[in-house]
Amino acid sequence: MDVSEFDYELPAELIAQEPIQPRDAARLMVINRATGNITHSRFSQLPRYLHPGDALIINNTKVIPARLKGRWAHTGGKVEVLLLRKLRAPCGEATRWEVLIRPARRARPGVEIILGAGELRAEVVDFTSTAGGRIVDFFMSDQDFRRVLDQIGEMPLPPYIKKEMNSKDRYQTVYARYEGSAAAPTAGLHFTPELLQQISDAGIRIISVLLHVGVGTFLPVRTEQVEQHSMHSEYYWVGEEEARAINQVRQNQGRVIAVGTTCVRTLETVTDTSGRVIPGEGWTDLFIYPGYRFRAVDGLITNFHLPRSTLLMLVSAFAGRDLIRKAYEIAIQERYRFFSFGDAMLIL
């Protein structure tokens, strides 16, 4: 399958540069897979499309201030480091991470990077298979790495967002709990505590799973054929209580509706061929594209995604390429806001 099938032209002014206020004021495109019908609503009206007995699956990962700016120790040139995932260090003196480094050309093993005003020092240990990917050891005078991140780290906003964000909290979901993501699960940014309470009061179960969003969010598909692309592994966790609740909803003929592609990948990873969710944790590199047979998800809440991205491929697999292509054309005509801070769609 050619990657160009997932390309489209988007006017630059439709790329949302800041989140809408309040969160649930975003527009909501509602897509019926069975009929192909497309209607327009507001995210605050989401409860009217859910039924008592349904389950809304949310990803309670929390974004860390993972973007660090600094300089090469040997030249003084500017460098940027993006934290991806924590690794086990060989000794207690260092904190070891897999990172992306820009520019990467000088980032060879043994090279040192001074970050912030010197609060943090990094030494490149090894290469990874990812373009720009490196293993680095961090050293600091203050042994609380998280406190140092709060001091000098920035939220890792996508490169298409040019406007500076005033509050770090606005790039977190209101239910973010467990730190570890390099990017927000952006479909969840539309929820407010009041909307979640309204959904719960209507008899819809809200169930949390965890997937720490990693490098795959930042990497474009560079292959010509979809099948040749490899996903980067991301950590997931589904608890016994949560798995039991999802299975109970399914047994009672309720719908399982995933908030975001991260929840889809998590659920599809832990669901067996009979449709039963198995609790557990691990690393998933599941790549979902057209032709994939879904066994865990009945509905999807998601934003509008970048051209040629794995996220657009997943959504196309769920709703069908032709229907999604039509939906995106309508979204552009109707001046929907796109990408991380943009509007949403509900696919049922």
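Up top is the structure.
Note that the structure is a prediction, hence the values are computed from the model and not measured.

**Q** What is the right way to look at the packing of helix α5 (residues 310-319) against helix α6 (residues 321-333) in this model?
**A** To characterise two packed helices, one gives the angle between the axes of the helices and the distance between these axes. As a packed pair, α5 and α6 sit with axes 7 Å apart at the nearest point and diverge in direction by 115 degrees. Residues L312, V315, S316 and A319 of α5 form the contact with α6, whose own contacting residues are R321, L323, I324 and Y328. Split by residue class, the contact of α5 with α6 holds six nonpolar, one polar and one charged.

**Q** Can you walk me through the sheet that holds strand β12 (residues 205-211) in this structure?
**A** Strand pairing in a sheet relies on backbone hydrogen bonds. The paired strands run either parallel or antiparallel. One open sheet accounts for nine strands, arranged β2-β1-β17-β16-β14-β3-β12-β13-β15; its pairing is mixed. What marks the edges here is a single partner per strand, and that holds for β2 (38-42) and β15 (280-284). On average, each strand axis in the sheet is inclined to that of its neighbour by 25 degrees, with strand direction left out of account. Two strands pair when backbone bridges link them, and strand β14 (residues 256-259) and strand β16 (residues 299-303) are joined in this way by three bridges, in the parallel orientation. Within β16, the residue paired with V259 across the bridge is I301. Those strands touched by helix α4 (residues 261-270) are β3 (55-59), β12, β13 (234-238), β14, β15 and β16, and its axis lies near 85 degrees from that of β12. Sitting on the sheet, α6 touches β1 (27-31), β2, β16 and β17 (344-347), and the angle it makes with β1 is about 150 degrees.

**Q** How should I be thinking about the packing of aromatic side chains in this particular structure?
**A** What describes a pair of aromatic rings is the distance from one ring centre to the other and the angle between the planes of the rings. A complete count under the given rule lists 17 aromatic pairs for this structure. A connected cluster of aromatic rings, assembled from ring pairs, spans Y8, Y160, F304, Y328, Y336, F338 and F339. Over the ring of Y336 we find R27, and its NZ or CZ is 4.0 Å from the ring centre. The ring of W283 carries R85 above its face, with NZ or CZ at 4.6 Å from the centroid.

**Q** Explain the environment of E123 here, please?
**A** Along the chain, E123 turns up in strand β9 (residues 120-127). For E123, a relative accessible area of 28% corresponds to the partly exposed category. Taking the C-alpha atoms as reference points, E123 and A73, 50 residues apart in sequence, are found 9.8 Å from one another.

**Q** Help me understand α4 in this model?
**A** For an α-helix, 3.6 residues make a turn, and residues three or four places apart therefore share a direction. Counting buried residues in α4 gives nine out of 10 residues, a clear majority hidden from the surface. Among all positions of α4, only T261, T262, C263, V264, R265, T266, L267, E268 and V270 are buried.

**Q** Explain the sheet that holds strand β6 (residues 78-87) to me, please; I cannot follow it from the model alone.
**A** Taken together, six strands build a closed barrel; the order of strands is β5-β6-β7-β10-β9-β8 and the barrel is antiparallel. Between one strand and the next, the sheet's axes are offset by a mean angle of 45 degrees, whatever the strand orientation. In terms of strand pairing, strand β5 (residues 67-72) meets strand β8 (residues 112-115) through three bridges, oriented antiparallel. Directly across from R71, in β8, lies its bridge partner I114.

**Q** Looking at this structure, how should I read the side chain of R67?
**A** Summarising the element assignment, R67 is placed in strand β5. The exposure class of R67 is buried, given its relative accessible area of 14%. A distance of 3.1 Å separates the side chain of R67 from the backbone oxygen of L157, its partner in a polar contact. Once residues within four sequence positions are removed from consideration, R67 is found in contact with E80, V81, L82, I152, G153, E154, M155, P156 and L157.

**Q** So what exactly am I meant to see when it comes to the nonpolar core here?
**A** Note on soluble globular proteins: their nonpolar side chains tend to be buried together. Ranked by internal contacts, the top residues of the largest apolar core, which has 67 residues, are M29, F338 and M345. Discounting residues that sit within four places of it in the chain, M29 has contacts with I38, T39, H40, F304, A327, I330, A331, Y336, A344, M345 and L346. Within the second largest apolar cluster, 28 residues are counted, among which are L83, L84, L120 and L149.

Rules of the game
- Residues numbered from 1 in each chain as written.
- Predicted model: local features only at pLDDT ≥ 70, side-chain atom pairs only at ≥ 80, totals over all residues.
- Heavy atoms only, no water.
- Axes fitted to C-alpha atoms, helices over the stretch in contact; angles between N-to-C directions.
- Helix = DSSP H or I, 4+ residues; strand = E, 2+ residues; numbered from the N terminus.
- Contact = heavy atoms within 4.5 Å.
- Nonpolar A, V, L, I, M, F, W, Y, C, P; charged D, E, K, R; others polar.
- Pairing = 2+ DSSP bridges.
- Phe/Tyr/Trp six-rings, centres within 6.5 Å; stacked < 30°, edge-to-face > 60°.
- Lys NZ or Arg CZ within 6 Å of the ring centre and 35° of its normal.
- Buried < 20%, exposed > 50% of the residue type's maximum accessible area, 1.4 Å probe, protein only.
- Polar contact = N/O pair within 3.5 Å; in protein donor to acceptor, adjacent residues only side chain to side chain.
- Core = buried A, V, L, I, M, F, W, Y, C linked by side-chain atoms within 4.5 Å.

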